[in-house]
Amino acid sequence: MQPVYADSTVLNATQPALLQLCTSQNYTQDNAPVDIDKDSRRSFDCEIAFDEYDSDSDYDETEVKDEPDAEANTLIEEIAPHKPSPNVRDPPPAYHPIQNAIRTIQINGVALNTLKALIYHCYTSEISFRPLKSSSVDIAKDQPLLPSRIYCSPKSMYRLADKIGAEELKKLSLESIRAGLSKHNILDEVFSHFTSRYPEVLNMELDLLLENVREPEVVQALRGKMKALVCGAFPHSDEVIFKIMQRAK
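The structure presented is a predicted model; accordingly, all values stated were derived computationally and were not measured. (Residues numbered from 1 in each chain as written. Predicted model: local features only at pLDDT ≥ 70, side-chain atom pairs only at ≥ 80, totals over all residues. Heavy atoms only, no water.)

S.K.: Help me out: how do you make sense of the overall build of the protein chain in this one?
M.R.: Each helix and strand in the protein chain was counted, giving 11 helices and 7 strands. Counting only residues that meet the buried cut, the protein chain has 45% of its 249 residues in that class. Intrachain contacts of the protein chain at a sequence separation of at least 6 include 76% that bridge at least 24 residues. For the protein chain, the exposed area adds up to about 13,200 Å²; of that, 50% sits on carbon and sulfur atoms. (Helix = DSSP H or I, 4+ residues; strand = E, 2+ residues; numbered from the N terminus. Buried < 20%, exposed > 50% of the residue type's maximum accessible area, 1.4 Å probe, protein only. Contact = heavy atoms within 4.5 Å. Areas by Shrake-Rupley, 256 points an atom, 1.4 Å probe, with all protein chains shown as cover.)

Have a look at this one:
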């Protein structure tokens with residue numbers, strides 16, 4: 001488990017819904033905000049649980065490889081307001097103990113890189129996404145990752161942004177997902193658990209699927225998906241099949 005630090009003033013200016021989620025919990029007197037210089041306790045003031053990741057989420061094959069603690073609960077320590085509002089566009093500084101109270105919030109079901117990327121976006125308005133694991137992009141050759149940036153899965157960020165009502169991040173995540181689709185991976189994405197949960201994503205992917213439905217790669221992949229479907233695979237994809245039939249008329 002690794003801590004992610006954020007100033008509540010910055011969160012209030014950029015992602016007020018996330019701040020409200022963090023501060024709307026019932027705090028006990030025992031777990032009231034503490035002075036980090038006088039009290040070394042690290043008990044959690046509250047716990048926020050998101051849904052578990054799907055088996056086909058990009059979280060499984062990208063972030064877990066790079067984050068050995070990604071499956072553990074993620075901690076965010078929210079620094080209580082203590083100074084005039086900072087410049088929210090300055091990159092978040094390295095953390096140093098300061099003379100003010102903090103709250104510690106245990107967040108379950110969010111990958112560490114996704115949470116770090118969210119907080120970094122709050123300070124800088126910048127966001128960097130990894131390629132979809134279903135794409136043919138070779139990260140080492142075609143799209144090397146810069147060590148100075150915080151990368152996350154666009155599917156993981158879309159899921160988190162949807163939960164906290166971050167519409168700008170949802171839009172950016174959707175654009176990144178769209179950019180990673182091709183005739184080679186469109187059916188893998190259309191039939192994923194992730195897509196089945198979000199109508200906006202499904203409709204976008206169906207548009208691309210129908211544009212490429214006569215491509216040999218798509219025809220061959222669709223044949224394989226249909227065979228798997230009649231054998232009981234993709235039980236979450238009833239809406240997908242219905243919409244494909246409806247829109248293919």
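S.K.: I keep staring at helix α4 (residues 112-124) and nothing clicks. Help me out?
M.R.: One turn of the α-helix equals 3.6 residues, which is why residues spaced by three or four share an orientation. Between the first and last C-alpha of α4 there are 18 Å, a value that for 13 residues agrees with the 18 Å anticipated at 1.5 Å per step. Most of α4 sits inside the fold, with 11 of its 13 residues counted as buried. Every buried residue of α4 is listed here: Leu112, Asn113, Thr114, Leu115, Ala117, Leu118, Ile119, His121, Cys122, Tyr123 and Thr124. The first or second residue beyond α4 is Ser125, which carries a positive phi of 65°. (Expected span 1.5 Å × (residues − 1).)

S.K.: Hey, could you run me through the side chain of Asn113 in this one?
M.R.: Looking at the secondary structure, you find Asn113 in helix α4. Asn113 gets classed as buried once you look at its relative accessible area, which sits at 11%. Of note is the side chain of Asn113, whose polar atom sits 3.3 Å from the backbone oxygen of Tyr151. (Polar contact = N/O pair within 3.5 Å; in protein donor to acceptor, adjacent residues only side chain to side chain.)

S.K.: What am I meant to see in the packing of helix α6 (residues 167-179) against helix α9 (residues 199-211) here?
M.R.: Helix-helix packing is characterised by the crossing angle of the two axes and by the distance between the axes. Where α6 contacts α9, the axes come no closer than 11 Å and their chain directions differ by 30°. Looking at the two axes, α6 sits roughly parallel to α9. In the crossing of α6 with α9, the sense of the turn from one axis to the other is right-handed. Along the contact surface, α6 presents Lys170, Leu174, Ile177 and Arg178, while α9 presents Glu200, Val201, Met204, Glu205 and Leu208. When the residues that make up the contact of α6 with α9 are grouped by side-chain class, the tally is 5 nonpolar, no polar and 4 charged. (Axes fitted to C-alpha atoms, helices over the stretch in contact; angles between N-to-C directions. Parallel < 35°, antiparallel > 145°, perpendicular 65-115°, else oblique. Left-handed = near helix turned anticlockwise from the far one by under 90°. Nonpolar A, V, L, I, M, F, W, Y, C, P; charged D, E, K, R; others polar.)

S.K.: Teacher, can you tell me more about the nonpolar core here?
M.R.: Within soluble globular proteins, side chains that are nonpolar tend to cluster in buried spots. Leu11, Leu118 and Met157 are the most contacted members of the largest nonpolar core, which totals 25 residues. Elements that contribute at least two residues to this core include exactly β1 (3-7), α1 (8-14), α2 (16-23), β5 (101-108), α4 and α5 (154-164). Ranked by residues supplied to this core, first place goes to α4 with 7 residues. Those residues in contact with Met157 that sit more than four places away from it in its chain are Thr114, Ala117, Leu118, Ile127, Phe129, Cys152, Leu169 and Ser173. Of all hydrophobic cores here, the second largest spans 22 residues; its members include Ile177, Leu206, Val240 and Ile244. (Core = buried A, V, L, I, M, F, W, Y, C linked by side-chain atoms within 4.5 Å.)

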